[in-house]
Structure formats: C-alpha cells, structure tokens
Amino acid sequence: MQSETKAHMEQLTSPAGHPVTVLRFEGDIASTSKDAVLGTYQALPKATVKSVLLDFSKVDYINSSGIALVIQMLIEASNSDQKVYAFGLSPHFTKVFTMVGITKYAGLFATQAEALAAL
Amino acid sequence: MARRFLLLFSLLSGLGCFGWAQARVVPNKPGGGPGDTTSVTIGQSSARLYGPWKFTVGDSPIDPVTHEQLWAEPGFDDSGWETVDLTSAEGAIDPTAGLSGYVPGWTAKGHRGYWGYAWYRIRVRVNVKPGEKLAVGGPSDVDDAYQLMANGVLLGSFGDFSRSRPSIYNTRPMIFQLPQQDVEGPASVVLAFRFWMEPTTAMQQPDAGGMHNAPLLGDAGTVAGDFQSQWVELSRAYATTPIFAFLYLLLALTAFSLVFFDRSDRVYLWIGGVYLLAATSSIVLTLTVWTQALSGEAGNVITDILLTPLTSAGWAMIWWVWFRLRRPAWLPTAAFALAALLALSNALGENLWFTLVPGPVSAAFHVISMAARLATLALVLWIFIEGIRTQGVEGWLALPALLLHGFSRFQNELSILHLQIYWFPFGVQFGIGQLAGLLLLLVLVLLLGRRLYFSVLKQRRMALDVKQAQEVQQVILPRARVSLPGFEIESEYRPAQEVGGDFFQIVPHPSNGSLLIVAGDVAGKGLKAGMLVALLVGAARTAAETDPEPMFVLGALNRRLLGRGDAQATCLALSIAADGGVTLANAGHMPPYLNGQPVAMEGALPLGMLPGPDFSVMHFKLAESDRLVLVSDGIAEATDAEGRLFGFERTEQLLKAGLSAADLAAAAQRFGQADDISVIAVTKIAATLPGAREPVPEWSI
C-alpha cells in the first residue's frame, strides 16, 4: 500500500554562511506525488533561493514515476542556477539515482551535515 | 370568592357524570335459579377533568411561610385567573401526532407566541372508600413539561425540573398516585399543574402551549388501563419512524456496498452517507418519542443543528456527483457554507439557547434559516436543470420527488400556517416529509439500478479493452526462447498488472548477422504505460530499419516521448555484432550483467526528459559462452511483506549462480512483485557452420 507523500520546508544556514532551503519528504514518492514534490519546489522563490537540500531520510520508496518527478525538479533547478544536494537516500536508491543520471544535477550525501558542508 | 368547580366523585355509584368507566360484574348467587336477580357492582371508575380549569401564564412566587410554590397551595385564591375548558371538539386530533381529544394550547387562546411557565388549577371533590386508591392520569398530549401537585404536595413531574431550565421530552402518558390519607372519605383535592414550554415548541407547532387533552382522575387500576391505551395510541402514531430508520439504514448499506462494484463512482459514498444521516435522524426521533434516553433539547440539537444541515448539503452533493458536474467549482463549498449557515440560524432562530439571544434576534435568525433552506433548494434545482440539460431522463425522473423533498423542508412553517402536512391513516402518522422521503427513496433505487447497470456494462467493455491490449502486448513481445546464428536468447516478461510498462525488442540485422536489442521501462504501470510501450516498440522498430545504431535508436525514441506530458521511460539499446562486439547506449536503465557482474557505466537521464540528453555509451566484446543479462528494475525492487527489497546484491548473486531468465523472474515474483518484471539473457554461442541450416526466427522484421 502506497503511503502519501508529505513535504515540508525549512530554512537553514550552511557552515559557510549561505542560506539553504531544505525540502523534507516523507512517505512514498510516486506519480501521485506531483504536488508534494514539484509543487513544493515550484513554490520556492527562484530569485532568492539559490541552495536547496532535498531530505529523503524519511522516504520509504521511490518508483520510476517518482524518480521522473525528482529529475524534472532538478532540471528546473539547473535552469534556474540553483545548487541542489540530496541526502538520506538508502544505498539502493543512491544506486538508482546514480543510474538515472541524477548525480549530474545534484550531489548525493549520506547525511544533512555532509550535504551542508559541501554547499 | 373564586368560582369553584366541584366534582362529586363516587367510586361506588360511577353514574352519569364520568367520561370513561370500567365495570366489573359480580354475580351474588352462584348457580341461582330462575327469578334470581344478578347484582352488578360498578366500580373502578375514572373521570376526565375537562374543567373548568383556572389558568395563568407566569410562574408562582414562593410562599414566605411554607417556602413552597404559592399557586400550588389549596387555599390560594385563583379567582382572578382565566378559565379554560379542555373539552375537545368532536373528532379533534393533534395535527402532528394524531392523538385524540385534542384542544388547542394557550398560544391559540390569547397568549400567542408565549413560551415559559404557566399554571393550571382545578378543585375536585372526591369520596373514596377506605382501601381504595386514586391516581391521576397526566394529560398525554402536552407542551412540554409539567409538575403535578395535589393540595400543594408534589406528586411527580413529566420532564426534569431539577435544573433552572427544565429538560423536556416528547409527550407521553403519565400516572401519578394520590396519597391515600389526603382523599379518604369525602374530601376536596386541588390539583395544580405547573407547565414549562420551550421557545422552540412555540415556533414549530401550531396552537402550542400546555395541555392538549384533559387529565384523568379515578381509581388507580382504571387510570392504569387508560394509561396503557394512551401508550398504544402514541406507539401507533409513531409506528413509521423505526420502519423508516430501517429502510434508510438498508439503503445506506446498499449504497456503501455498491462502492465495491464501482470504486470510481463517488456518488455511492454520498448516497450512503446521506441515508446514514437520515437513518440516524429517524433513530433519534424514535428514541425521543418512545424513550427518555434523549431529551427534547438533545433531539432538537442533534436533528436541527447537525443532521438536517448536513443532509441538505449532502443531497446537493449527491446530485452534483450524480450528474458529474464540474462547473462552477465553488458549488460544493457553497452547499456546505449554506449548511453551516443553516446550522447557526437553526440554533439561534429556534432559540435553542434562549438565554443567549433576545427574541427579536432569534426571529431574525429564523428568517435567515428559511433563506438558507430556500438557497439550498435553489442550488439543488440549478444542479438539476444542468443535469437535465446534460443527462435528460434521469433528471426528469427525480425532479418531482426532489421538489416534494425540498417543500418538506419547510414543514414547520407550513404547520404554523395550519396547512395539513400530516395524515393519520389507521391512526399512524404519515407526513409530507415521510412521503417525500419514500418517493425519493423509490426514485433513487430505480436510478441506482440503472446507473449500476450502465456502470457494470462500461466496466466490462473496459476489461475487454484491457484484455485486447494485453493480447496485443503479447504479440509485440518476442517469444520466450529463440536461437539466432551465434546467439541463444531467453526472455521472461511478467507485468505487475494486466498490461505492463516494460518492453523489449530483439531485431536481427537482415544481412550482417548483428543483433539489436532494445529494452526499456515506461514510468508508471497499467493501460497508460502499455499504450506508451506500443508507441515505443513501433518507434524502435522503425528507427532500427533506418539505422540500427543504439545511439540513433535512443535519440529517435527520445524524440517520440518529448512533449507528451509525463511520458518518460528508461531505455537501453545494444547492438551485438556477429563477432561479439557490443555497443551499448543507456538512458537511465539498469546496466546489464555480464556473466553475473553489473557492467559499470555512467548514469544518464531517461527518455522524454530533455531534447538532447547525453546517453551513456560503452563498447566491449562478448566471448563464446559469455552471458549478457538485461533486467528491469522490477527485479531489484520486488518488495516482501515486511517492506524489504529484493535488491541489487541478491540479483547479482542469483545471476552469478547461472539462474535462467524465467527462474530469476520467478524468484523476484515470489519475493513480492511490485513492478513489471522483464529479463532478457543473451548467450554467445559458436556460430553455425557454413552450409548448415539456420533457424528462421518467426518474429524477425
């Protein structure tokens, strides 16, 4: 049974002093997660938000449609000159993200601290 | 000196002036012969106390000496009070409950709109033999609650007078025993009734206020007999309420169960929900009429503030969903906003909490309540007009029932205007609301049957479409096991649903002995994914005819998917030359396994994401007996009941162990299939000797 995707936003500051917007996702990410994934991201003001962290640590499952949504988000971010890092992925989905070329658009990290330090 | 009514009441004579009597026949000489006379003792009599009663509105002051209610005391001078007669007109019945012996209450006798306390007093002379017991049968039709006192002593009450605002209950028969010492021998008894009526009652019923039939005084056994017959009359009057509760509950359950036949149609949920509310309303009415489990105020709050507004909005939603309307999008919100307004205006307009708002404000809210009901009716009518415009026959069929149902929402106002809204065939109450409810129920059953029939028909057609799509997909996929010069190929395809989103094609070159394999996975599952598969398979084969080079094929497929909304697919294309040389191009698909080891290659975006993506490419050579296995993510992402993944490591281990394509697919499926599964295994074998007969693949282009 697929669980609903939840997303909420948080503002942090990186160790280098940059403002960072964190999008924390929960549940499963699938075709029904369009509003939670793309909608939440598209609500961010592109003029001011330049660094985005994606938190997948509470995501249980991402199917092919969910991965397509993440890629769409990353392509939009790339077109808006935003830097995007992701963390909290299981080894399985880290491998899947690498296969589908997500690493060309977003750095993948194990923890939030590592991702923040890289910004 | 007050004018007193003296009723000579004799338990022995029982003659002439009594309204109701029971007789007991006692033969004085058992077995007596001809000429003997039989003496008859007439006893256990009772009399209706029609009056004249003394009456006043307001409440009694407390006697400073006795600290009791002054107006209950036998010596109180009530000569200045009004005189009331409770004798009913021939055949008069209560317009709401149908109870016999009805007389209009105080609002029809000079106290229009009055609610609150009022008193009735009567003086009765009785002559009781020692040992005989007297009782008073309280009036069985009252508004709303009362206390009964005899010679200043409280005998009992109907309703709860322990709070500052008495609790009321639906009218019902009551019995009060008279203290024997007060009435033995010739005695004078002053009966005083202290009444309380809610403001709601004055607004909901015509001629409300106080006693609507006369109390009974007499022998305790006789009064008990009358009590029972009054209960029979009351039970008969409200006999339909539990029947309607049962009918509504049955329809609610039926509607909910229809959801299992057609989950896509939300109308069944709305119908089930509204009829559950209707059943609850009938159950509340049954409880308030026949028991004291619910007080009148609680019944009013549950019905008028909660159930009625929700039901109104629910009906609007039923027809909105029924006619599949989408515009204006604000209409459902408007329906529930009107329901909220109706709840608020009912609460304040019916003056359920009369201590909160003054009378004029309450009257204004009653007008708002009517406006809210009219607006809801107008909203539903508008939905119907749209429904008739788009659906025709269904709308016309339900319209009369709907109009009657809407009309019945104003039954209190109609009742106040003395319009007949209740009929009493065989003493059973049957109102305009019940008639509308029954008519609507019949129409809805008819319409539901019709809708379900067409829904099942549509589902069968759709199932046939899916079945045909499945057959087409089986045709366009290669056979499970084929041999080509230099190659042994086995494949396995197990869609998660009837139609899958995985695809693969094996296209041998007609002349140079090379082989093109295209394998992919469309995002999503089911018929939509299956249709994209058909598109991609056609595109792949067309591209291969032009140029079987993997990068060219992927580029062609990417162009086919671009701009088609959320149509994306991972895809891998590889060509294997006759000498074993492999060119592999990948668009986000799982890399193949060479002899059980995953081929290390760079990741790349799936098809359909960007106009000119960088597909990853690599070259290597297959030696004789090398085995190249292409798998979809349905293998690694098979998930067991505990949510564990089949995973890449397990896939690798099984492939190293030399598992066939079918066995690997079966292992993942047993583990817990979550997505489409496809496995293609290509083994390089020794080329066929020149002159030997080559197998002709049936699926070749």
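Fair warning: this is a prediction, and the values are worked out from it, not measured in the lab.

What am I meant to see in the overall build of chain B here?
A tally of regular secondary structure across chain B gives 16 helices and 26 strands. Out of the 701 residues belonging to chain B, those deemed buried represent 42%. In chain B, the share of contacts with a sequence separation of at least 24, taken over all contacts with a separation of at least 6, comes to 74%.

Teacher, can you tell me more about the overall build of chain A here?
Tallying secondary structure elements over chain A gives four helices and five strands in all. Ordered by position from the N terminus, the helices and strands of chain A form the series β-β-α-β-α-β-α-β-α. In chain A, buried positions account for 41% of the 119 residues. A separation of at least 24 residues holds for 70% of the contacts in chain A among residues at least 6 apart in sequence.

Would you mind going over the pairing of strand 20 (residues 569–576) of chain B with me for this structure?
For a regular strand, side chains alternate in direction, first toward one face of the sheet and then toward the other. All names here are of chain B. Of all eight residues in strand 20, eight are buried, a share of seventy percent or more. Alternating residues of strand 20 divide into Ala569, Cys571, Ala573 and Ser575 and Thr570, Leu572, Leu574 and Ile576, and every residue in both groups is buried. By the bridge criterion, eight bridges tie strand 19 (residues 515–522) to strand 20 in an arrangement that is antiparallel. Paired with alanine 519 across the bridge in strand 20 is leucine 572. Alignment of strand 20 against strand 21 (residues 581–587), held across five bridges, turns out to be antiparallel. Residue pairing in the sheet places leucine 572 in a bridge with asparagine 586 of strand 21. Between strand 20 and strand 21, which pair antiparallel and follow one another directly, the connecting turn spans four residues, one of which, glycine 580, has a positive phi of 95°.

Please explain the environment of Ser79(B) as it appears in this structure.
Residues and elements named next belong to chain B. Its place among the elements puts serine 79 in the loop between strand 3 (53–57) and strand 4 (82–84). Judged by C-beta crowding, with 11 C-beta atoms within 10 Å, serine 79 ranks as exposed. For serine 79 and lysine 54, which are 25 residues apart along the polypeptide, the C-alpha to C-alpha distance reads 7.7 Å.

How do you make sense of the packing of helix 4 (residues 240–258) of chain B against helix 11 (residues 432–476) of chain B when you look at a structure like this?
For any two helices packed against each other, the geometry comes down to the angle between their axes and how far apart the axes lie. All names here are of chain B. Close contact between helix 4 and helix 11 brings their axes to 12 Å; oriented N to C, the two are set at 20°. One way to sum up the angle between helix 4 and helix 11 is to call them roughly parallel. Where helix 4 crosses over helix 11, the handedness of that crossing is left-handed. Note on element contacts: helix 11 touches helix 4 through Gln434, Gly437, Leu441 and Leu452, opposite Thr240, Phe244, Leu247, Leu251 and Leu258. Residue composition of the contact of helix 4 with helix 11, grouped by class: six nonpolar, three polar and no charged.

Please explain the nonpolar core as it appears in this structure.
General note: in soluble globular proteins, nonpolar side chains tend to be found buried as a group. With 105 residues, the main nonpolar core has Ile517(B), Val679(B) and Ile680(B) as its most contacted residues. Within the second largest apolar cluster, 56 residues are counted, among which are Ala118(B), Ala145(B), Ala192(B) and Met197(B).

Could you clarify how one ought to interpret the sheet that holds strand 2 (residues 19–29) of chain A in this entry?
Sheet strands pair by backbone hydrogen bonding; their relative direction is either parallel or antiparallel. Residues and elements named next belong to chain A. The strand order across the open sheet built from five strands is 1-2-3-4-5, with neighbouring strands paired in mixed fashion. Each edge of the sheet is formed by a strand with only one pairing partner; in this case those strands are strand 1 (6–13) and strand 5 (106–109). On average, adjacent strands in this sheet sit at an angle of 25° to one another, irrespective of strand direction. The strands touched by helix 1 (residues 34–42) are strand 1 and strand 2; relative to strand 1, the strand with the most contacts, the crossing angle is about 35°. Along the sheet, helix 2 (residues 64–79) contacts strand 2, strand 3 (51–62), strand 4 (83–87) and strand 5; its crossing angle with strand 3, the most-contacted strand, is approximately 180°.

How should the sheet that holds strand 22 (residues 593–594) of chain B be read in this particular structure?
Residue and element names in this part refer to chain B. Read from one edge of the open sheet, six strands run 16-17-26-25-22-23, paired in antiparallel fashion. Two strands close off the open sheet at either side, each with one partner strand: strand 16 (481–484) and strand 23 (597–598). Two elements, strand 16 and strand 17 (residues 487–494), share four bridges in a ladder whose sense is antiparallel. Bridge pairing links leucine 484 to phenylalanine 487 in strand 17. Of the strands in this sheet, strand 17 and strand 26 (677–684) are in contact with helix 16 (residues 661–672), which crosses strand 26 at around 155°.

What is the right way to read unusual backbone geometry from this model?
Residues apart from glycine generally show negative phi values, whereas peptide bonds are mostly found in trans. All names here are of chain B. A cis geometry characterises the amide bond from glycine 51 onward to proline 52, with omega recorded as 5°. Positionally, proline 52 belongs in the loop between strand 2 (46–48) and strand 3. Positioned with a positive phi, asparagine 595 is a non-glycine residue whose angle comes to about 50°. With respect to the secondary-structure elements, asparagine 595 resides in the loop between strand 22 and strand 23. Among the residues examined, asparagine 595 registers 14 C-beta atoms within 10 Å and is labelled partly exposed.

I would appreciate a short explanation of the environment of Gly75(B) in the present structure.
Counting through the fold element by element, Gly75(B) comes out in the loop between strand 3 and strand 4. For the pair formed by Gly75(B) and Asn151(B), sequence separation is 76 residues and the distance between their alpha carbons is 8.6 Å.

Got a minute to help me understand helix 6 (residues 296–322) of chain B in this structure?
Helical geometry note: an α-helix holds 3.6 residues per turn, so side chains three or four residues apart project in the same direction. Along its length, helix 6 of chain B shows its largest kink, about 35°, at Leu307(B), and proline Pro309(B) lies within four residues downstream of that point. Of the residues flanking the end of helix 6 of chain B, it is Arg324(B), one or two places downstream, whose phi is positive at about 55°.

How do you make sense of helix 9 (residues 393–408) of chain B when you look at a structure like this?
All names here are of chain B. Its 16 residues give helix 9 an end-to-end C-alpha distance of 24 Å, which sits within 8% of 22 Å, the value for a rise of 1.5 Å per residue. The principal kink in helix 9, of about 40°, is found at leucine 399, preceding the proline proline 400 by one to four residues. Taken together, the buried positions of helix 9 are occupied by Glu394, Gly395, Ala398, Leu402 and His405. Looking at the buried residues of helix 9, the elements they touch are helix 8 (359–391) and helix 11.

In this structure, what is going on with the confidence of the model for chain B? I would like to understand it.
Note: predicted coordinates in regions of low pLDDT should not be interpreted at a detailed level. Residue and element names in this part refer to chain B. In this model, chain B carries a mean pLDDT of 85, and residues with pLDDT of at least 70 account for 90%. Long-range and interchain partners of residues 1–42, a stretch whose pLDDT sits below 50, account for 59 contacts in this model, where long-range means more than four residues apart. Within the model, the stretch residues 689–701 combines pLDDT values under 50 with 11 contacts to residues more than four positions away or in other chains. Quick note on the complex model: pTM equals 0.59, ipTM equals 0.90.

Cut-offs applied
Residues numbered from 1 in each chain as written. Chains lettered and ligands numbered in written order. Predicted model: local features only at pLDDT ≥ 70, side-chain atom pairs only at ≥ 80, totals over all residues. Helix = DSSP H or I, 4+ residues; strand = E, 2+ residues; numbered from the N terminus. Buried ≥ 20, exposed ≤ 12 C-beta atoms within 10 Å, placed from the backbone. Contact = placed C-beta atoms within 7 Å. Pairing = 2+ DSSP bridges. Axes fitted to C-alpha atoms, helices over the stretch in contact; angles between N-to-C directions. Parallel < 35°, antiparallel > 145°, perpendicular 65-115°, else oblique. Left-handed = near helix turned anticlockwise from the far one by under 90°. Nonpolar A, V, L, I, M, F, W, Y, C, P; charged D, E, K, R; others polar. Core = buried A, V, L, I, M, F, W, Y, C linked by C-beta atoms within 7 Å. Bend = angle between axes of the 7 residues up to and from the residue. Expected span 1.5 Å × (residues − 1). pLDDT = per-residue confidence, 0-100.

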